[in-house]
Amino acid sequence: MKKLFVILLSISINSFAQSNDGESVKEMFKAGQQAFQSGDLATAKTKFLAATKQDVKLHEGFTNLAIINYMQGDYQNGVENAEKALALKPNSTDANLFLGKSNFKLGNYKAAKINLEKAIAGGLKTGSSQSLLGWTNYSLNKYEEALVNFNSAIALDKNNNDAYRGRAKVYSAQGDFEKATSDLQKLIDINPEDKNAYLNLVQAYYTAGDSVKADDLIVKRSGSAEAKDKIDLLLVQGNYYFKQNNIEAAKKAFNSAYAIDKNNVSTLVNQSGVLIAESKYKEAVEKVNEAIAIDDEVKEAYFNRGIANEMLRNVYEACSDWETAFILGSLEAEKYLNSAICNE
Amino acid sequence: MNKLIYFIAILALNFQTSTAWSQDKDVPFDKKIFANDKSGFNEAVKQIKLGDGLFYDGQDEYIAHANMHFLKAQAFNPYSSVLNYKIGVCYLYGSEKAKSLKHLQFVQKVNPDLEKELPFYLAQAYQLNNEFDSAIVYYQKYKNIASSGDIEQQAYINKKIRESRKGIELMADPVLVWIENLGDSINTEYPEYAPVISADNKVILFTARRPDSKGGKTDRLDRYYEDVYYSERESEGEWSQAKNIGEPINTSTHDPTVGLAPDGKSVLTYQGVNSKDGNVLITKQNPDGTWQTPKTLSDKINTKHHESSATLSFDEKTMIFVSDKPGGYGQHDIYITKWNDADSAWGDPTNIGGTINTRFEEKGVFLMANGTTLYFSSDGHDNIGGLDIFRTDLNPETNEWSKPENVGYPINTPDDDIYFVVTGNGRYGYYSSSRFGGYGEKDIYKITFLGEKKKPSMLNPVNDYSAIPSAGAYYMVDLHDDGKPKNNIETPGKNLANLSGTVRNSDTKNGINSKVTARNTNKKEALKFVETSNSGQYKFDLKPGDTYELVASAPGYVSQTKTVKMLDGGITKFDFNLVPVVVSEIKTIEKTEEDKTENKNITAPVDANNTDTKSEKSELTKTDPVEKDNKVEDKVEDKVEDKVKTGDVVDNVKTSFDIKDIYFEFDKSNVNHIALGVNGQKELNELAAHLKNNPSLKVKLTGHTDQRGSASYNKTLSSKRADNAKKYLIQKGISASRIETEGQGESQPKVGLSEIQQMSTNREKETAYQRNRRTEITLF
């Protein structure tokens, strides 16, 4: 018994042990908190790392590290630190929350769902956590559960744009474009500058086959939108008509975008797509060259130039373009690279 | 087919007279009209009589000769409807069928009632010129005036109408191909046809009628006997000048090609016994390149009937051939036979079945190297005219052939299309054609299959339909935390002011994926944080009257800090324009304990000029306008501070390079996507970019191999891996003086051999070996 007491005492002393420079764990922890509060995440992280090194059972330190990791985009370490915190304090709501958030960011949706549900069961009642759980369920194709989460999030915060956006996404996936467009309109009501909402709304109209409403919204929005936003809307419009094989309408949209900004790479690449559809391969190559001169890391540009070059019977150049596109991440280009075209 | 047509061609021509003399009028051969040129007239009439003699003989092969005479008469008088009619019909039976149209059109214009059969021939001429709509009109017209009691004739006209409709369908959706004449190394002014190709596209054999034909004999039409010719090529090279393959394949009689084994080492030829009996012969190439004497195939294949075409599978254990022996579906049919190893003989052939064989012709078989795709020619399926090429695929499980599919226009034409072969990879095909622009007679053409029309990639604007977490309000948990939620709870506050904006690239003005924090400088409040999507848009709900320090950061950009005092109500807008990082100098590379345990990468501290700015606030204070309700609000307290922060979010600054090993495929050292995989090449590209941005930096490339193979071989291989990576970097513009290389062979594996040997699965072992096959990068 006496021996056990000595061990416990030792743990207790160790948990607030002095560091080499004489700073106690408690002092380091407080310094970490203060650094965080001042926005100095790097110092905060250093302090919490030092504190947890001194006291390996400092679950609060691991939780805070998980939060900082998450904020710094270091989700893998966020998971590891949150798990360490949970191993020491299994019911920690914050550790579960940030484990869920980090797992979501890493695409570990099943794990994220479990963590977030635990955090919410632990008493967390925030719109953002419900919304994130909604997005998690959406990512797992659990649309009905996602709708419940988004509805809860909206009940907690009537201006929760994430929830409206997520709910619109679910409705779109379910083919209920009326409800989807209603939610997207709500996003615009919340923030009239929400350019994504305009984009999404235009896309939802196009997906629903209501090109008249989509075109009208583009005209209406174009009056007040910044040049970049106008171009984005015109790209959506052009791509819609391109998919519909209405090449003339697509060309008109991309040409309008080009008139706004002649150096927009997306516009140039899409114009090359139209030229390919029109069998104007030489002009397509020239258009892609313009795009590559501005940004030489756009895989779509190389991919399209590959198509145009092949049709111009420049097969070697075509394969070289597809190789570049492949290196930049184009899986479609890989298909052609591995085909007989490039491997006689 | 020709028999069916020819019954119409026996015509009782009525010479009609006309006094008109115009190209829009019929000008008959009337001596009164040509009284001024009696000798010319007499010569023309003589030619017509000579032509008529051949024309009315009724044999297809004389029709072309008849036309020679008619054309001489035509030179004297081009405007005779009767002569133009005969010329049109002759062209339809010759090798230049498309030329018939203008003559028959002339007849239709000046003397449409000349012959009852004119609409039929005109329809054919239109069909052969791909003018299917007009063809249908004239077939229909002829059908209406033809004898309704002649069922066979009615059925034939209906077939021609179906062909024309199919032609319209296929021409509307042409197959993407290039068709190229193989050039003067293969083609000459003489006929070249029936090409056969090895699977690797390196050996081509074909039939030609040339003066160097073995024996030099000619037939009744002065055409040289058929011989086999061959040409070879290297990878991606041109075909060599074709040569007569010589004895023993070529003899003094006809020796046309029929087939070539996929490996190019066995040749099938045809030998006619008489007009109704022909057989397929086989010969194999000796190791010294000479050919064995052709032997007739088994009696089970060659009969007293006409076996005209055959094709071998890759393993030469399946033969598909053509025969018109009795018992089939009609005319020539396709049969299949298997090699019996026990008997060392071909088994009993079976008819390939009614899915493929019809009551019409099936000819010209070619089995692809895959053993399951068969091409053949037929005029009994969905044709567009004459013999068309069809494709059928064998389902190995059910052993059933698929419904034949027309290979499409422009490979198939309304004329006869036959003897079509495809290379093993399916990219190229070869066939013969009399198309315009050749070297004369039939030529051999190469078809390049382009596949489905490739769809260009279209770029969409950044679509932020993805999860965008709201601005979180983050506290650090306190000591003695009980696990209950106390922090990070965002209760939507009442009377909060909305602050939103966009984080942009200062150069491109495009939104960027970034992180923004908002810290209340007046009182203790949770640190607010938002991670934007690619749009760069952010939004905070902040307390009016309080001052907030906003920090925007993004990987590859200099962080930016702004301080803003919020006003009551309304929406304020505030944009960040982050400057991309351009690192001028890398001072040191060091691995901290934290890096080792957390990041597993090496972070290069930023330039010395910037490293001390963390604690310093810039003296520069500027007055950025803050928009309220989208209008510039002068009353907003506009103390805005920009400062360069480098130490606090070092991971966000593009001064680091994640050093990863470059992995190679087994026994490969070349630097390309096949050997390295996409990631390997990407790593090298990133390394090259990093070295370009940091001119004082040098790199050491250390090659390693796995433990398979001899130590000396692996030492060489590892050096090659390092050297090739060096060459690649040099190609990317990095000076050789900045690159050191070393080959360590198998001496420094990441996973030891004993450890690998204890692994239970080959997959685990391969993964371990892969980890050892690498080039390590060390920056210094």
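Note that this is a predicted model, so its numbers are computed, not measured. (Residues numbered from 1 in each chain as written. Chains lettered and ligands numbered in written order. Predicted model: local features only at pLDDT ≥ 70, side-chain atom pairs only at ≥ 80, totals over all residues. Heavy atoms only, no water.)

Caption draft 1: Region of interest: the overall build of chain B. For chain B, the helix and strand inventory stands at 14 helices and 39 strands. For chain B, buried positions account for 51% of its 780 residues. (Helix = DSSP H or I, 4+ residues; strand = E, 2+ residues; numbered from the N terminus. Buried < 20%, exposed > 50% of the residue type's maximum accessible area, 1.4 Å probe, protein only.)

Caption draft 2: View of the side chain of B:Lys166. Residue and element names in this part refer to chain B. Following the sequence through the fold, Lys 166 ends up in helix α8 (residues 151–172). Judged by its relative accessible area of 16%, Lys 166 is buried. Non-local contacts of Lys 166, meaning those with residues more than four positions away in its chain, are made with Asp 382, Asn 383 and Ile 384. (Contact = heavy atoms within 4.5 Å.)

Caption draft 3: Inspection of the sheet that holds strand β3 (residues 203–208) of chain B at higher detail. All names here are of chain B. Taken together, the four strands give an open sheet; going across it, the order is β2-β3-β4-β5, and neighbouring strands pair in antiparallel fashion. If you trace the sheet from one side to the other, it starts and ends with β2 (192–197) and β5 (243–244), each paired once. Where β3 and strand β4 (residues 227–232) come together, six bridges link them in antiparallel fashion. Among the inter-strand pairings, Leu 205 is bridged to a residue of β4, identified as Tyr 230. (Pairing = 2+ DSSP bridges.)

Caption draft 4: Quick look at the nonpolar core. Core analysis: the largest hydrophobic core is formed by 82 residues, its most contacted members being A:Phe36, A:Met71, A:Val202, A:Tyr206 and B:Tyr474. Other than its neighbours up to four places away in sequence, A:Phe36 contacts A:Leu41, A:Ala44, A:Ile68, A:Met71, B:Tyr474, B:Tyr475, B:Met476 and B:Leu527. Residues B:Ile63, B:Val82, B:Ala123 and B:Ile161 belong to the second largest nonpolar core, which totals 41 residues. (Core = buried A, V, L, I, M, F, W, Y, C linked by side-chain atoms within 4.5 Å.)

Caption draft 5: Main features of a negative patch on the surface. Together, A:Asp295, A:Asp296, A:Glu297 and B:Glu686 line one region of the surface with negative charge. Within the element layout of this structure, A:Asp295 appears in the loop between α17 (281–294) and α18 (299–311). (Patch = residues over 30% accessible without salt bridge, like charges linked within 9 Å, V, L, I, M, F, W, Y side chains within 5 Å. Areas by Shrake-Rupley, 256 points an atom, 1.4 Å probe, with all protein chains shown as cover. Salt bridge = Lys/Arg side-chain N within 4 Å of Asp/Glu carboxyl O. Lys, Arg positive; Asp, Glu negative; His and termini not counted. Charge placed at Lys NZ, Arg CZ, Asp CG, Glu CD.)

Caption draft 6: Inspection of the state of the cysteines at higher detail. Residues and elements named next belong to chain A. A full pass over the atoms with the stated rule returns one disulfide over all chains. Here Cys 319 connects covalently by a disulfide to Cys 342, the sulfurs 2.0 Å from one another. Since a negative S-S torsion denotes a left-handed disulfide, the Cys 319-Cys 342 link at about -95 degrees is left-handed. In this pair, Cys 319 is assigned in helix α19 (residues 315–327) and Cys 342 in the segment after α20 (331–337), connecting sequence segments 23 residues apart. You can call Cys 319 buried: its relative accessible area is 12%. (Disulfide = S-S within 2.5 Å.)

Caption draft 7: How the structure looks around the interface of chain B and chain A. Contact with chain B, which involves 78 residues of that partner, is made by 100 residues of chain A. Here chain B and chain A share five salt bridges between them. In this assembly, chain B and chain A are joined by twelve residue pairs in polar contact (both at pLDDT 80 or more). Elements represented by at least two residues in the side of chain B that touches chain A include exactly β1 (177–181), β25 (515–520), β26 (527–531), β27 (537–542), α9 (593–599) and α11 (673–693) of chain B. If one sorts the elements of the side of chain B that touches chain A by residue count, α11(B) sits on top with five residues. In terms of residue class, the side of chain B that touches chain A is made up of 25 nonpolar, 25 polar and 28 charged. (Polar contact = N/O pair within 3.5 Å; in protein donor to acceptor, adjacent residues only side chain to side chain. Nonpolar A, V, L, I, M, F, W, Y, C, P; charged D, E, K, R; others polar.)

Caption draft 8: Quick look at the pairing of strand β16 (residues 373–378) of chain B. All names here are of chain B. Burial analysis of β16 places six of its six residues in the buried class, which makes it a mostly covered element. Of the two faces of β16, the one carrying Thr 373, Tyr 375 and Ser 377 and the one carrying Leu 374, Phe 376 and Ser 378 are both buried. Where strand β15 (residues 362–367) lies against β16, four bridges are found, and the strand directions are antiparallel. Paired with Phe 366 across the bridge in β16 is Tyr 375. Between the antiparallel neighbours β15 and β16 lie five residues, among them Gly 371 with a positive phi of about 80 degrees.

Caption draft 9: Here's a closer look at the sheet that holds strand β21 (residues 428–433) of chain B. Residues and elements named next belong to chain B. Taken together, four strands build an open sheet; the order of strands is β1-β22-β21-β20 and the sheet is antiparallel. Where the open sheet ends on each side, the last strands, each with one partner, are β1 and β20 (421–422). By the bridge criterion, five bridges tie β1 to strand β22 (residues 443–449) in an arrangement that is antiparallel. Directly across from Glu 180, in β22, lies its bridge partner Lys 446.

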